[in-house]
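Letter by letter, the chains look like this.
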Amino acid sequence: MKLPKTYQPSEHEDSIYALWEKSGAFQPSGKGKPYSIVMPPPNANANLHLGHGLTLAIEDILIRYHRQKGENVLFVPGADHAGFETWVVYEKKLVQEGKSRFDFSREELYKQIWDFVAKNKDNYERQFRQLGASPDWRHYVYTLDDKIVKRAYATFKKMFKEGRIYRAEKLVNFCTYHGTGFADIEVAHKEEQGHLWHIRYPLTDGSGEMVVATTRPETMLGDTAVAVNPGDKRYAKLVGKTIKLPLTHREIPILADDFVDMEFGTGAVKVTPAHDPNDFEIGQRHDLPLISVISHEGKLVDVPENYRGMSVEEGRQKILAHLKEQGFLLKTEKHTHSVGHCYKCDTVIQPLLREQWFIDVQPLAKRAIEQLKNKKIVFHPESKRDQLIKYLEGLRDWNISRQIAWGIPIPAFQNVDDSDDWIYDDRVKEEIIEVEGKTYRRDPDVFDTWFSSSSWPYATIDYPDGDDFKTFYPLSVMETAADILYPWVSRMIMFGLYVTDEIPFREVYLHGLIQDEHGQKMSKSKGNVVNPIDKVKEYGSDAFRMGIISDESAGKNRPYDESKLVGARNFANKLWNITRYIEDVLGDETAREETKPNTAADHWILSKLQQSQKKICQDLDSYRFAEAYNTLYHFVWDDLADWYIEASKTDPNKPLLAYLLEKVLILAHPFAPFLTETIWQTLAWENESVLAVRVIKETSPFDSKQAEEFGEVQAIVAEVRAIQRALKVSGVTLQHDNISFLNNNSGVIKRLARLKSVAIAKKGSGIQLTGTKHACWLNIEVSQARKYAKELSDKHERQKAIIKQLEGRLANKNYVENAPGKIVDQTRQQLTEAKELISAIETEQKRYAS
RNA sequence: GGGUGAUUAGCUCAGUUGGCUAGAGCAUCUCGUUUACACCGAGAGGGUCGGGGGUUCGAGUCCCUCAUCACCCACCA
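Throughout what follows, the structure given in this document is the object of discussion. Within every chain, residues take consecutive numbers counted from 1 along the sequence as written. As a convention, the first chain written is A and the first ligand written is 1, with the rest following in written order. Note on the predicted model: pLDDT of at least 70 is required for a residue's local features to be given, and 80 or more for side-chain atom pairs to be given and counted; whole-chain, interface and lining totals, by contrast, use all residues. Side-chain metrics rest on all non-hydrogen atoms present in the structure, leaving aside hydrogens and water.

Quick look at the sheet that holds strand 30 (residues 776-778)
- Here, strands pair whenever DSSP counts at least two bridges between them. A run of H or I in DSSP counts as a helix once it spans at least four residues, and a run of E counts as a strand once it spans at least two, with each numbered from the N terminus. Read across the sheet, four strands follow the order 28-27-30-29 without closing on themselves; strand pairing throughout is mixed. The open sheet has two edge strands with one neighbour each: strand 28 (757-760) and strand 29 (767-768).

Re the packing of helix 8 (residues 362-373) against helix 9 (residues 383-393)
- Orientation is described by axes fitted as lines to C-alpha atoms, over the contacting stretch for helices, and by angles from 0 to 180 degrees between their N-to-C directions. Two elements in contact, helix 8 and helix 9, have axes whose closest approach is 9 Å; the angle formed by their N-to-C orientations is 160°. With respect to their mutual orientation, helix 8 and helix 9 come out roughly antiparallel. By crossing handedness, the relation of helix 8 to helix 9 is classed as left-handed. Of the residues in helix 9, those in contact with Gln362, Ala365, Ala368, Ile369, Leu372 and Lys373 of helix 8 are Arg385, Leu388, Ile389, Leu392 and Glu393.
- Gly falls in the polar group here, along with every residue not listed as nonpolar (Ala, Val, Leu, Ile, Met, Phe, Trp, Tyr, Cys, Pro) or charged (Asp, Glu, Lys, Arg). Its residues placed into classes, the contact of helix 8 with helix 9 shows seven nonpolar, one polar and three charged. By the definition adopted for this analysis, an angle is roughly parallel if under 35 degrees, roughly antiparallel if over 145, roughly perpendicular if from 65 to 115, and oblique otherwise. Here a crossing is called left-handed whenever its near helix is offset anticlockwise from the far helix by less than a right angle, and right-handed whenever the offset is clockwise. When checking whether two residues touch, look at their non-hydrogen atoms; a contact exists if any pair is within 4.5 Å.

What about unusual backbone geometry?
- Along the chain, His380 connects to Pro381 via a cis peptide bond; the corresponding omega equals 0°.
- As for its placement among the helices and strands, Pro381 is situated in the loop between strand 15 (378-380) and helix 9.
- At the junction of Tyr463 and Pro464, the peptide bond is cis and its omega measures out at 5° in the coordinates.
- On the secondary structure map, Pro464 appears in the loop between helix 11 (456-459) and helix 12 (467-472).
- Of note in this structure, Asp302 is not a glycine but carries a positive phi near 55°.

Considerations on the protein's contact with RNA strand B
- Proximity criterion: a residue is near a molecule or strand once any of its heavy atoms comes within 4 Å of it. In the vicinity of RNA strand B lie 58 residues, with Asn278, Pro559, Glu627, Trp637 and Arg754 positioned nearest.
- Counting only atoms of RNA strand B within 4 Å of the protein, the sugar-phosphate share comes to 58%.
- Any pair of N or O atoms that falls within 3.5 Å is considered a polar contact. Within protein, one atom must be able to donate a hydrogen and the other to accept it, and sequence-neighbouring residues count only if both atoms are side-chain atoms. In the model, a sugar or linking oxygen of RNA strand B is placed 3.3 Å from a nitrogen or oxygen of the His634 side chain.
- Residue Arg809 places a side-chain N or O atom 3.3 Å away from a phosphate oxygen belonging to RNA strand B.
- Considering each element in turn, the surface near RNA strand B owes the most residues, 10 residues, to helix 16 (residues 562-586).

Some remarks on the packing of helix 3 (residues 83-96) against helix 4 (residues 106-130)
- Taken N-terminus to C-terminus, the directions of helix 3 and helix 4 make an angle of 100°; their axes are 11 Å apart at the nearest point. Here helix 3 lies roughly perpendicular to helix 4, going by the angle between them. Each of Thr86, Trp87, Val89, Tyr90, Lys93 and Leu94 in helix 3 lies in contact with helix 4, whose residues at this interface are Leu109, Gln112, Ile113, Phe116 and Val117.
- Classifying every residue of the contact of helix 3 with helix 4 gives eight nonpolar, two polar and one charged.

Focus on the environment of Arg442
- Mapped onto the elements, Arg442 comes out in strand 21 (residues 438-442).
- Taking C-alpha positions, Arg442 is 34 Å from Val76, a pair spaced 366 residues apart along the chain.
- Look past the residues within four positions of Arg442 in its chain and what remains in contact with it is Glu107, Ile410, Ala412, Phe413, Val428, Lys429, Glu430 and Glu431.
- Within the structure, the side chain of Arg442 is placed 2.7 Å from the backbone oxygen of Val428, a separation counted as a polar contact.

A word on the pattern of salt bridges
- Here a salt bridge means any side-chain nitrogen of Lys or Arg lying within 4 Å of a carboxyl oxygen belonging to Asp or Glu. Scanning all chains against the criterion turns up 51 salt bridges.
- A salt bridge links Lys535 to Glu562, with the shortest nitrogen-to-oxygen separation between them at 3.0 Å. Of this pair, Lys535 sits in helix 14 (residues 532-539) while Glu562 sits in helix 16, and the two are 27 residues apart along the sequence.
- Of the residues examined, Lys535 reaches a relative accessible area of 12% and is grouped as buried.
- Throughout, exposure labels follow a simple rule: accessible area from a 1.4 Å probe, protein chains only, divided by the maximum for the residue type, with under 20% read as buried, over 50% as exposed, and the rest as partly exposed. Judged by its relative accessible area of 24%, Glu562 falls in the partly exposed class.
- Between Lys615 and Asp619 there is a salt bridge whose closest N-O contact spans 2.8 Å. Of this pair, Lys615 and Asp619 both sit in helix 17 (residues 600-621), four residues apart, roughly one helical turn.
- According to the relative accessible area criterion, Asp619 is buried, its value standing at 5%.
- Among the charged side chains, a network of salt bridges with common partners joins Arg216, Glu218, Glu313 and Arg316.

With respect to the packing of aromatic side chains
- Only Phe, Tyr and Trp rings are paired, with Trp represented by its six-membered ring, and only when their centres lie within 6.5 Å; those with planes under 30 degrees apart are stacked, over 60 edge-to-face, the remainder tilted. Summed over the entire model, instances satisfying the criterion amount to 45 aromatic pairs.
- Relative to Phe469, the ring of Tyr463 has its centre 5.1 Å away and its plane inclined at 75°; by these criteria the two rings are edge-to-face.
- Classification of Tyr463 by relative accessible area gives partly exposed; the value is 22%.
- To sit over a ring, a charge needs its Lys NZ or Arg CZ within 6 Å of the ring centre and within 35 degrees of the ring normal. Over the aromatic face of Tyr498 sits the side chain of Lys158, whose NZ or CZ is 4.6 Å from the ring centroid.
- Seen from the ring of Phe358, Lys170 lies directly overhead, with NZ or CZ sitting 4.5 Å from the centre.

This is how it looks when you write it as structure tokens:
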């Protein structure tokens, strides 16, 4: 025996992977229909988590399966510099070392982080190999590669020239800890228990007061108006008058604006255009001045001296205390509201005025929405399409500037003498450039990472002139995590249409989050993170892959379940042992080209193979990974191992066994690439043959009538086993009146049912089987068999119930008239069979009763 | 405030256009060492498909409603 008793993944995986790479198995074949997937680039600097494991499992199953269909397959691997994410990690490291980002110039920081990431990048590439991913590594792309940066610049330039990108001073979501702005979508909103403070604002003319309600009293120092609804009778007379703002004594107008909700609070709103997006818009409509009272460091500035330099929270307390002292604070209410936080450090996001680059997204969104509505892209799950459309419809302009060092520098320069004069230029290594006799200074900011990754589907394959682009675009599938539908998928679609005039991919498959076993989100802080590489080491790469997809359903979050990995490990071992057995039986006889099914079992297993292969292919074509795996599992374990191989032990059909093994290895390959290739290489049935590039072919023909007859064998075996168990007998003989079917299958039945023999006899005494159309009986004394009467009577009851139900159905005129003829016939057929069965049971019962 | 998904066996989940007695894996229990495999084999038990209503000859599946849970979006001062 060449193979050891259990499959030891770690002994084979590395060398098998090396073999694949050396053989060129992962390269596009250049023949057949193009099929392409570009990997969502994982953060090059981070450790893999289960999400990566799932992503690669799904993508690699698709990729390997499409290779097996004979397609021209391109799988592009990549890695992400992950701008802000990595920046945060690096900054933490600096802090641990007692340094800070302020100790270095941006250029120095960029260089340091580049080296820092470079060290970790190899780590993740190795881990992808351990997971069995089969990309063409020659195509490896890093998000800071020249071609990606150039593409980002080309897009920026096009948008800049066409007026799709503009520079403006607007309110930006700003994290005062990290010192950078964010796009709307990056802000993490949280429900918080806060307060609604009612503050008296006295009229300047002394004729009374207004009461405003606010959750952020500290911003009152930047108020430039009080607004009421134009239809609010309570305040109609006051519109046009002015307020004397408490604490600062600044005079501000009372104005009417539709935005104000009469029902909320007091119906009067303080307007702080520099620190609230709604107020900003009111300010624009009414031409109000902008007074910034919070700095980018989160301190109060441009305020009366006694508040200056305080943090927002300190200032709030101080101001409230003063308002109270001076009798301006009318009341304090509890109030829950949603507050934006930095998703990394949890600092409250401040809307701050800042000049940034924005993309005018609605025109881009419009095109995307059109294509989505026309179903030009297929979604799995389908429901995500409408969600995406809704999102795009409400999308506001996208802030793409980030004030961090780690990222792609924005290729824009500002005239030092004219702050409104911005030009595009890609000489980003220069801080100062001269153009047409004017001096320009580079924008110190970098792009939002998502800006460059929006071009990922075509930038990676060399748009516009590369051969890959011409062959493989649009991509076949974009497979990624459901939670980046908005930040990434939406933008790839918008950018793809804008830049290439085509949808970037034909289908989108979104997978859900893998939570911990209790349904909690996995996170470092909770300490419930599972490292996929640990699991690969524990159970094998294939077991990890099969286990992780065995519950997969598009778009659905689901808990991690280690027992699935154990089950998959056992399945891998089952396949291993099937191989050991077949190899042992075959010896040197490995011919398998011509299958000649002889027995009912032979025909039956070929029919099962055909059904299973068809089902697996259909399931994979429709992204039903768990179903496909399940079909494979049951074909291999139940049909092949438990029935066919056991049946074949009496008289093995060697070419057929060899044929079945090869077929199974091919079918199982996308699910268990290492195991199947290891087996294939160990068998060495063909020289220089790599399983990974073999294609799925039509299965061998069989006779379906004979295949069906194996069902009788199974029925007889099952009943004999049941009787023997019930009566605790063994060594019995099955007798029949020279029936050819039983003669033909006697060896198999004897073996599977653990009989002493199958013999010909004249209708004799003993227990007659009731579950088969063939008359046969066991040589067990009726007296002894009486013990079996209970089982028989249970069986009788069950049959009676079935008959009653079927008869009832057929007695229902409406059913017979309205149900399709096929269904009604089926019911009649069932009734006939049930009656035959019950009469056989009754005959037996009478014999015991005597 | 808006949206999406979920609710099926003890646990984790399938159940594709409504149609055999609702399935699987794990767990539990019984029996078993038989030319690969105890990471095994043969079996068994376990479900009023979240509640209520409706459509239909027929509903886990379609419609309405209620409840619970989860997630996402949102500029409610």
